[in-house]
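Listed below, chain by chain, are the residues.
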There are 2 protein chains.
Amino acid sequence: MHAKDFYCVIMAGGAGRRFWPYSRQAAPKQFIDFFGCGQTLLQQTFDRYRQIVPLENIFVTTHRDYEDKVLEQLPELDASRLIVEDERRNTAPSIAYAAHIIEKLNPQATMVVAPCDHLILKQDLFKEAILKGLDFASGQDALLTLGIQPSRPETGYGYIQIDEEETDGIYKVKTFIEKPAREFAEIFIQSQEFFWNSGIFIWNVEAIHKAFRNYMTEICPYIDSDVPDFTSCPNISIDYSIMEKADNVYVQLCDFGWADLGTWESLYEVAPKDVNRNVVMNGNTLLYNCKNTIVSLPAGQLAVLQDLDGYLVALRDNVVLVCKKDDQNAIRKFVNDVEIKFGDKFS
Amino acid sequence: MHAKDFYCVIMAGGAGRRFWPYSRQAAPKQFIDFFGCGQTLLQQTFDRYRQIVPLENIFVTTHRDYEDKVLEQLPELDASRLIVEDERRNTAPSIAYAAHIIEKLNPQATMVVAPCDHLILKQDLFKEAILKGLDFASGQDALLTLGIQPSRPETGYGYIQIDEEETDGIYKVKTFIEKPAREFAEIFIQSQEFFWNSGIFIWNVEAIHKAFRNYMTEICPYIDSDVPDFTSCPNISIDYSIMEKADNVYVQLCDFGWADLGTWESLYEVAPKDVNRNVVMNGNTLLYNCKNTIVSLPAGQLAVLQDLDGYLVALRDNVVLVCKKDDQNAIRKFVNDVEIKFGDKFS
């Protein structure tokens, strides 16, 4: 295989509600410069793959609402590489349709499915890992996922248990485990058989096409078409529809300084902390007797906080949120309640 | 005496820093519609005295910075009734100069000194009390202050201890007590000898002029002039310079639903509360497991708060403050720290 056969699909359609109010419907987290580093998460992701696969082989999928935002943030992306969905139907339909488009362009293609809400600290190791995975997946009928060496008993991530069969750091997958309770997460870490599920997948287009035909055949008629019908597709994730069912699933063990920025808690975990374990994302702060707290506000604004332990304080536009940072389900409930009470005024 | 001899001086020059960030240097609390009732505190105060003394007998003192704001908020006020100070020198110089101006207009005048950061719930009883005080003070060389029947052992107010000498609810003052510690405040309440010092004073211009000559003679040369020199005046309060020294000080006992809106805590005390004893001033809120908390944000904004007990959450423009609501000295420190660190960007 050749680099010209390597493709990447960046998934940029998420509504990012778990970062409300910092991310809003009009600007989900992938379009935000989360770290104040001058690049949005989408731009960081694009730049990472830009160094691995040819520019014209990078595709971005997004929702109709964000079409302009993607093109604005990625001036290098040709409009023909933007896949726009009219309806949110989770990852399975998105990936099936992207695979269909890529297969038509190049039946030899091997593709990486790339979420764009990850933090990657070690770019060199990341590039090496992706190329290794592309090599592996291009040569066989296998569905590869990247597993991350866990550093703590995180309960916000999914885990992958490895089987014994191994070749060069790539294992057969024994089973996938959803976000575990604390006590299980601790046992997982000790056993050394469990790895974090990064949600980065690699396969050749023939293999994924076959998997859809085998396990998710009801999606095919809507997607294997030049005019896809997302509305009629089932709303289902690739994990549930394919990865947990297929028998040719492999995991490549990686350690490139990875974090899923899926929740405030995960963002807190990876961000630099002061002596009291507080994290400040952008903005100005004065903290008095605060600890284990994460503060996120736009540049040029000020938060003065006293006596908070384990809180999230997030300010954006016309909304301020102050809540326990480890209660992610609560934030989801807050956003729902806000919508019920105020419509889309604040969401 | 006649109503035409009754005057009122509304003190509207305060910088209102204790309500930061809701009040800002450019808009101290007297210029804010605190209760979202359609009137600022200054407008409420003006309206109250408008019903007691002739319109042309109402004076307003303020700082040069707020001259336009006062005229804009009080269209009925003639510009000749606005006393503008170039320099903040506390209440003694302000009152001395206002008394000088009024005495020149009408040597028979009796004046009320009216702070404009009070909440008055019972307008009828208030009017009755002010008229009674004006009657009392117009006839004799006495310095009268209004004392409020205390309803709780408040530690944020000054107290007045009454002497035995009494005529029709007006007592000789035995002593003034600054904000007391909790245990003293509780004893004060039980003794029934102590009343809250409202800071509303009533005297005829001759009596106050004489008091200044006796106790604060160093102010006179700067103030008894048509071109006052505030900059050269000592920075001193009327309480400290006159009331605590003079031997002709009286207190009239009142109960007209009074609160000094001097601090967030005092505002919290008087405001309507939900079942969890939370107070929301303007804005929209969703509260989860919050109690004893006060939230102040501009109309049209939203605060979503979880797990806060006894906090103040205030949002305005580019600043959010989250702190313990009963720690007033802390707020003063915060504002100082903000100025040291950020200049006047946020103050």
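Presented here is an overview of the structure given in this document. (Residues numbered from 1 in each chain as written. Chains lettered and ligands numbered in written order. Predicted model: local features only at pLDDT ≥ 70, side-chain atom pairs only at ≥ 80, totals over all residues. Heavy atoms only, no water.)

### Remarks on the overall build of chain A
Within chain A, the regular secondary structure consists of 10 helices and 17 strands. Over its C-alpha atoms chain A spans a radius of gyration of 20 Å, differing by no more than 12% from the 20 Å that the globule rule assigns to 347 residues. Projected onto its principal axes, the C-alpha coordinates of chain A cover approximately 60 × 45 × 35 Å. For chain A, restricting intrachain contacts to residue pairs at least 6 apart in sequence, the fraction spanning at least 24 positions comes to 66%. Surface exposure of chain A reaches about 14400 Å², of which carbon and sulfur atoms provide 45%. Charge-centre separation for chain A: the mean point of 34 positive side chains lies 5 Å from the mean point of 50 negative side chains. (Helix = DSSP H or I, 4+ residues; strand = E, 2+ residues; numbered from the N terminus. Rg over C-alpha atoms; globule rule 2.2 N^0.38 Å. Contact = heavy atoms within 4.5 Å. Areas by Shrake-Rupley, 256 points an atom, 1.4 Å probe, with all protein chains shown as cover. Lys, Arg positive; Asp, Glu negative; His and termini not counted. Charge placed at Lys NZ, Arg CZ, Asp CG, Glu CD.)

### Notes on the packing of aromatic side chains
Where two aromatic rings form a pair, the distance of their centres and the angle of their planes describe that pair. All names here are of chain A. A complete count under the given rule lists 28 aromatic pairs over all chains for this structure. An angle of 90° between the planes, with centres 5.0 Å apart, marks the rings of Phe-126 and Phe-256 as edge-to-face. Highlighted residues: Phe-126 in helix H4 (residues 123-138) and Phe-256 in the loop between strand E10 (249-254) and strand E11 (258-260), separated in sequence by 130 residues. With 5.3 Å between their ring centres and 90° between their planes, Phe-342 and Phe-346 make a pair best called edge-to-face. This pair shows no difference in class: Phe-342 is buried, exactly as Phe-346 is. Joined through ring pairs, the aromatic side chains of Tyr-49, Phe-126 and Phe-256 make up one cluster. Between the NZ or CZ atom of Lys-245 and the centre of the ring of Tyr-240, over which it lies, the distance is 5.4 Å. (Phe/Tyr/Trp six-rings, centres within 6.5 Å; stacked < 30°, edge-to-face > 60°. Buried < 20%, exposed > 50% of the residue type's maximum accessible area, 1.4 Å probe, protein only. Lys NZ or Arg CZ within 6 Å of the ring centre and 35° of its normal.)

### Focus on the relation of the copies chain B and chain A
Relative to chain A, chain B is turned by 180° and slid 0.1 Å along the rotation axis, the superposed coordinates differing by an RMSD of 0.1 Å. Those values place the two copies in the arrangement expected of a two-fold rotation axis. Here 100% of the interface residues in chain B have copies in chain A that are interface residues too; the copies meet face to matching face. (Least-squares fit on C-alpha atoms with pLDDT ≥ 70 in both.)

### Concerning a negative patch on the surface
Taken together, the side chains of Asp163(A), Glu164(A), Glu165(A) and Glu193(A) define an acidic patch exposed on the protein surface. Looking at the element boundaries, Glu164(A) is found in strand E7 (residues 159-167). (Patch = residues over 30% accessible without salt bridge, like charges linked within 9 Å, V, L, I, M, F, W, Y side chains within 5 Å. Salt bridge = Lys/Arg side-chain N within 4 Å of Asp/Glu carboxyl O.)

### Some thoughts on the pairing of strand E4 (residues 110-115) of chain B
All names here are of chain B. Where burial is concerned, most of E4 is hidden: six out of the six residues are buried. Burial of the side chains of E4 extends over both faces: Thr-110, Val-112 and Ala-114 are buried on one face and Met-111, Val-113 and Pro-115 on the other. Here six bridges tie strand E1 (residues 6-11) to E4, and the two strands are oriented parallel to one another. The partner of Met-11 across the bridge, within E4, is Pro-115. (Pairing = 2+ DSSP bridges.)

### A closer look at the state of the cysteines
For the coordinates displayed, the defined rule picks out zero disulfides over all chains. In this structure Cys290(A) is a free cysteine whose sulfur lies 10 Å from that of Cys323(B), the closest cysteine sulfur available. Exposure remark for Cys290(A): the relative accessible area of 4% places this residue in the buried category. (Disulfide = S-S within 2.5 Å.)

### Quick notes on the pattern of salt bridges
Taken as a whole, this structure holds 24 salt bridges over all chains when the rule is applied. Between Asp141(A) and Lys210(A) there is a salt bridge, and its shortest N-O distance comes to 2.4 Å. On the criterion of sequence distance, the pair formed by Asp141(A) in the loop between H4 and strand E6 (143-148) and Lys210(A) in helix H6 (residues 205-215) is long-range, its members being 69 residues apart. Its relative accessible area of 36% is what places Lys210(A) among the partly exposed residues. Between Asp337(B) and Lys333(B) there is a salt bridge, with the nearest N and O atoms lying 3.0 Å from each other. Remark: Lys333(B) and Asp337(B) occur in helix H10 (residues 328-342); sequence separation between them is four residues, near one turn of the helix. A network of salt bridges, in which partner residues are shared, links Arg64(A), Glu67(A) and Asp86(A).

### A look at the interface of chain B and chain A
Facing 34 residues of chain B, the contacting portion of chain A comprises 34 residues. Taken together, both faces of the contact between chain B and chain A bury some 2800 Å²; the carbon and sulfur share is 63%. Three residues stand out in chain B for area buried against chain A, namely Leu302(B), Gln306(B) and Val320(B), and they jointly supply 23% of the buried area on that side. Taken together, the links from chain B to chain A amount to zero salt bridges. In this assembly, chain B and chain A are joined by 16 residue pairs in polar contact (both at pLDDT 80 or more). Secondary-structure elements contributing two or more residues to the side of chain B that touches chain A are strand E13 (284-288), strand E15 (302-306), strand E16 (311-316), strand E17 (319-324) and H10 of chain B. The greatest single-element share of the side of chain B that touches chain A, amounting to seven residues, is contributed by H10(B). Grouping the amino acids of the side of chain B that touches chain A by side-chain chemistry returns 20 nonpolar, six polar and eight charged. (Buried area = accessible area lost by both parts, 1.4 Å probe. Polar contact = N/O pair within 3.5 Å; in protein donor to acceptor, adjacent residues only side chain to side chain. Nonpolar A, V, L, I, M, F, W, Y, C, P; charged D, E, K, R; others polar.)

### Observations concerning the environment of Tyr250(B)
Residue and element names in this part refer to chain B. Examined against the element boundaries, Tyr-250 turns out to sit in strand E10 (residues 249-254). Its relative accessible area of 16% is what places Tyr-250 among the buried residues. Each C-alpha atom, one on Tyr-250 and one on Phe-201, is 9.8 Å from the other, the two residues being 49 residues apart in sequence. Contact partners of Tyr-250, with chain neighbours within four places excluded, come to Phe-136, Ala-142, Leu-143, Leu-144, Thr-145, Glu-165, Ile-170, Tyr-171, Lys-172 and Val-173.

### Thoughts on the packing of helix H3 (residues 91-105) of chain B against helix H6 (residues 205-215) of chain B
Residue and element names in this part refer to chain B. Orientation of H3 relative to H6, taken along the N-to-C sense of each, is 135°, at an axis distance of 10 Å. Compared by their axis directions, H3 and H6 come out oblique. Considering how the two elements wind past one another, H3 and H6 form a crossing that is left-handed. Across from Ala-92, Ile-95, Ala-96, Ala-99, Ile-102 and Glu-103 in H3, the residues of H6 making contact are Val-205, Glu-206, Ile-208, His-209 and Phe-212. Across the contact of H3 with H6, the residue classes tally to eight nonpolar, one polar and two charged. (Axes fitted to C-alpha atoms, helices over the stretch in contact; angles between N-to-C directions. Parallel < 35°, antiparallel > 145°, perpendicular 65-115°, else oblique. Left-handed = near helix turned anticlockwise from the far one by under 90°.)

### A short note on the sheet that holds strand E12 (residues 279-281) of chain B
Across the sheet, six strands lie side by side as E13(A)-E15(A)-E17(B)-E16(B)-E14(B)-E12(B); this open sheet has mixed pairing. The sheet is open, and its two edges are formed by strand E13 (284-288) of chain A together with E12 of chain B, each paired on a single side. The mean inter-strand angle of the sheet, taken between neighbouring strand axes irrespective of direction, is 5°. Summarising the sheet, strand E15 (residues 302-306) of chain A and E17(B) pair through four bridges and their orientation is parallel. Of the residues in E17(B), the one forming a bridge with Leu302(A) is Val319(B). Against the sheet, H10(B) engages E13 and E15 of chain A together with E16 and E17 of chain B, with an angle of about 140° to E13(A).

### Comments concerning the environment of Ala99(B)
Residues and elements named next belong to chain B. Here Ala-99 is to be found in helix H3. Separated by 121 residues in sequence, Ala-99 and Cys-220 have C-alpha atoms that sit 11 Å apart. When near neighbours in sequence (up to four residues on either side) are disregarded, Ala-99 contacts Met-111, Val-205 and Ile-208.

### A closer look at unusual backbone geometry
For Asn289(A), which is not a glycine, the phi torsion comes out positive at approximately 55°. Inspection of the secondary structure puts Asn289(A) in the loop between E13 and strand E14 (294-296). The backbone phi angle of Arg277(B) is positive, close to 60°, even though this residue is not glycine. The topology assignment puts Arg277(B) in the loop between helix H9 (264-270) and E12.

### So, the sheet that holds strand E17 (residues 319-324) of chain A
Across a sheet, paired strands are connected by hydrogen bonds in the backbone, their directions being either parallel or antiparallel. Spatial strand order, E12(A)-E14(A)-E16(A)-E17(A)-E15(B)-E13(B): six strands in an open sheet with mixed pairing. Since the sheet does not close on itself, it has two edges, and those belong to strand E12 (279-281) of chain A together with E13 of chain B, each with one partner. With direction set aside, neighbouring strand axes in the sheet form an average angle of 5°.

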